[in-house]
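Here are the chains, one letter per residue:
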Amino acid sequence: MTIIYQIENSLYVNLTNKCPCSCTFCVRIDHDTVGQNDNLWLPHDPSLEEILDDLKNYNLDSYDQIVFCGYGEPLNRIETVIEVCKYIREKSKIKIRVNTNGLADLIHNKPTAELLEGYVDAISISLNAPTKDEYLKVARPRFGIESFDALLKFAMDCKKYIGSVTFSVVDKVISKEQIEASRKLAEEMGIDLRVREYIE
């Protein structure tokens, strides 16, 4: 079971396979892993004890950052994310980032960004498209059309409670015009935009 994996000089934490989206470009549609790592499909959601036992095998200060990102939405397990962050904070000053679809408020039926304050240094949110209709086609969230507005609200809350927020879109998935519209939306919100490379 691959809980902790490495890309370049970052450690990644794979907490769950569950995700409320079914993105048209998701790497897990055609791949079982990312890079040279082992299979990222989990036989079950690892317990907090299993996660921490795996983390103990790494010298955290040897890495640039820890990223909560695997084959599911990490904030499905927001309480576990927080507990793992507490452990990391006790051991190291390493930077902690969460890669998320931004739908945690809908998953948990309450505002969630504030819960991450003091634990997470940065949030990367998959914006995926510049409008709610285009987002619905690309991300295919189970929450429907309200998902996009919830994502934007979560992003603004993260700006307030966490500070460092980045949106991402994927090239080849949406048009150049849509990417530029996404960039304009991000600029209006005071959030950086990263254009990710589509993984074949």
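Bear in mind that the values here come from a model prediction, so they are computed numbers and not experimental data. Along each chain, residue indices are assigned from 1 in the same order as the chain's sequence is written. Note on the predicted model: pLDDT of at least 70 is required for a residue's local features to be given, and 80 or more for side-chain atom pairs to be given and counted; whole-chain, interface and lining totals, by contrast, use all residues. As a rule here, side-chain values cover all heavy atoms of the structure and leave hydrogens and water aside.

## Focus: the nonpolar core
Point 1. Take the buried Ala, Val, Leu, Ile, Met, Phe, Trp, Tyr and Cys residues and link them wherever side-chain atoms come within 4.5 Å; each set so joined is a nonpolar core. Exposed residues in this analysis have more than 50% of their type's maximum accessible area, buried residues have under 20%, and partly exposed residues fall in between, with area computed by a 1.4 Å probe over protein chains only. Leu-55, Phe-68, Ile-88, Leu-116, Ile-123, Leu-127 and Phe-167 are the most contacted members of the largest nonpolar core, which has 60 residues in total.
Point 2. It only takes one pair of heavy atoms within 4.5 Å for two residues to be counted as in contact. If near-sequence neighbours (up to four positions away) are discounted, Leu-116 is found in contact with Leu-75, Ile-78, Val-81, Ile-82, Ile-123 and Ile-162.

## Observations regarding the pairing of strand β7 (residues 192–196)
Point 1. Across five bridges, strand β6 (residues 164–170) lies against β7 in parallel orientation. Residue pairing for β7: Phe-167 is matched across the bridge by Leu-193. Two strands qualify as a pair provided DSSP detects at least 2 bridges between them. Strands are runs of DSSP state E lasting at least 2 residues, helices are runs of H or I lasting at least 4, and numbering of each runs from the N terminus.

## Let's talk about the sheet that holds strand β4 (residues 95–100)
Point 1. Sheet architecture is open: seven strands sit in the order β1-β2-β3-β4-β5-β6-β7, paired in mixed fashion. Of all strands in the sheet, those bounded by a partner on one side alone are β1 (4–7) and β7. Each adjacent strand pair in this sheet contributes to an overall mean axis angle of 25°, direction not counted.
Point 2. Bridge count between β1 and strand β2 (residues 10–13): four bridges; the pairing is antiparallel. Counted as the bridge partner of Ile-4 is Val-13 from β2. Axis lines are fitted to C-alpha atoms, over the contacting stretch for helices. Their N-to-C directions set the angle, which ranges from 0 to 180 degrees.

## Here's the deal with the pattern of salt bridges
Side chains that differ in sign of charge can pair as their charged atoms come close.
Point 1. We define a salt bridge as a side-chain nitrogen of Lys or Arg found within 4 Å of a carboxyl oxygen belonging to Asp or Glu. By the definition in use, this model includes seven salt bridges.
Point 2. The partner of Lys-56 in a salt bridge is Asp-53, and the shortest N-O contact between them spans 3.7 Å.
Point 3. A residue is classified by how much of its surface remains accessible, and Asp-53, at 39% relative accessible area, is partly exposed.
Point 4. The salt bridge involving Asp-157 is made with Lys-153; its shortest N-O contact spans 2.8 Å. One end of the pair is Asp-157 and the other is Lys-153, both in helix α5 (residues 147–161) and four residues apart, which spans about a single turn.
Point 5. Judged by its relative accessible area of 18%, Asp-157 is buried.
Point 6. A relative accessible area of 43% means that Lys-153 is categorised as partly exposed.

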